[in-house]
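# Descriptive structure summary
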Amino acid sequence: MRPSWDEYFMEIVEIIKTRSTCLRRQVGALVVKDKRILTTGYNGAPVGCAHCADVGCMREKLNVPSGKNHELCRAIHAEQNAIVQAAYSGISLEGGTLYVTTQPCSLCSKMIINAGIKRIVYKGEYPDPLAMELLKEAGISTEKYTGKDQEDR
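What this report covers is the structure whose coordinates are included nearby.

What counts and what doesn't
Residues numbered from 1 in each chain as written. Predicted model: local features only at pLDDT ≥ 70, side-chain atom pairs only at ≥ 80, totals over all residues. Heavy atoms only, no water. Buried < 20%, exposed > 50% of the residue type's maximum accessible area, 1.4 Å probe, protein only. Helix = DSSP H or I, 4+ residues; strand = E, 2+ residues; numbered from the N terminus. Pairing = 2+ DSSP bridges. Right-handed = clockwise from strand over helix to strand, strands pointing away. Phe/Tyr/Trp six-rings, centres within 6.5 Å; stacked < 30°, edge-to-face > 60°.

## Thoughts on the pairing of strand 3 (residues 97-102)
- Burial within strand 3 is extensive, with six of its six residues counted as buried.
- One ladder, built from four bridges, connects strand 1 (residues 28-33) with strand 3; its direction is antiparallel. Across the sheet, the residue bridging to Ala-29 is Val-100, located in strand 3.
- Direction of pairing for strand 3 relative to strand 4 (residues 119-124): parallel, over a ladder of five bridges. Within the sheet, the bridge partner assigned to Thr-102 lies in strand 4 and is Gly-124.
- Each parallel crossover has a hand, and for strand 3 linked through helix 5 (residues 106-115) to strand 4 it is right-handed.

This is the structure in structure tokens:
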């Protein structure tokens, strides 16, 4: 039995997240349009900078709770990396679907809105209610992936 498109792309983001160098949470993301993968991203330090896996977690050292003070981190989020990769390569994400292993935060949500992404399929929760409020206000479809067959798109 063939997987639905949502199942297929969510399986791929599970592999993408294994490249993460974050010590607290591995996240993978990819953007799809017309059933074709445009970009991928995982959370980790910017190019040329030391990874948390090598130098330790600043957030752990400072006891920063999940969902708070995003700026206190060496890493860039998976969604941000996917959007930056598109800009670097000159690829429009307008009308795309973002598949991600964890619900986007408010910073990522703002970037997602301005990148023109129209649908988000995510697995895990993230403690940032403003993110979901902004996405709803912008008219972006958000769907929590349950692992069951969802609509075949």
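## A short note on the packing of aromatic side chains
- A complete count under the given rule lists four aromatic pairs for this structure.
- Pairing Trp-5 with Tyr-8 gives two aromatic rings, centres 5.7 Å apart and planes at 85°, and the pair type is edge-to-face. Taken as a pair, Trp-5 and Tyr-8 lie in helix 1 (residues 5-16) at a separation of three residues, close to a single helical turn.
- Residue Trp-5 is classed as partly exposed on the basis of its relative accessible area, which comes to 24%.
- Plain terms: the ring middles of Trp-5 and Phe-9 are 5.7 Å apart, the flat faces sit at 25° to each other, and that makes the pair stacked. Residue Trp-5 and its partner Phe-9 are both found in helix 1; the two are separated by four residues, about one turn of the helix.
- These aromatic residues form a ring-pair network of at least three members: Trp-5, Tyr-8, Phe-9 and Tyr-99.

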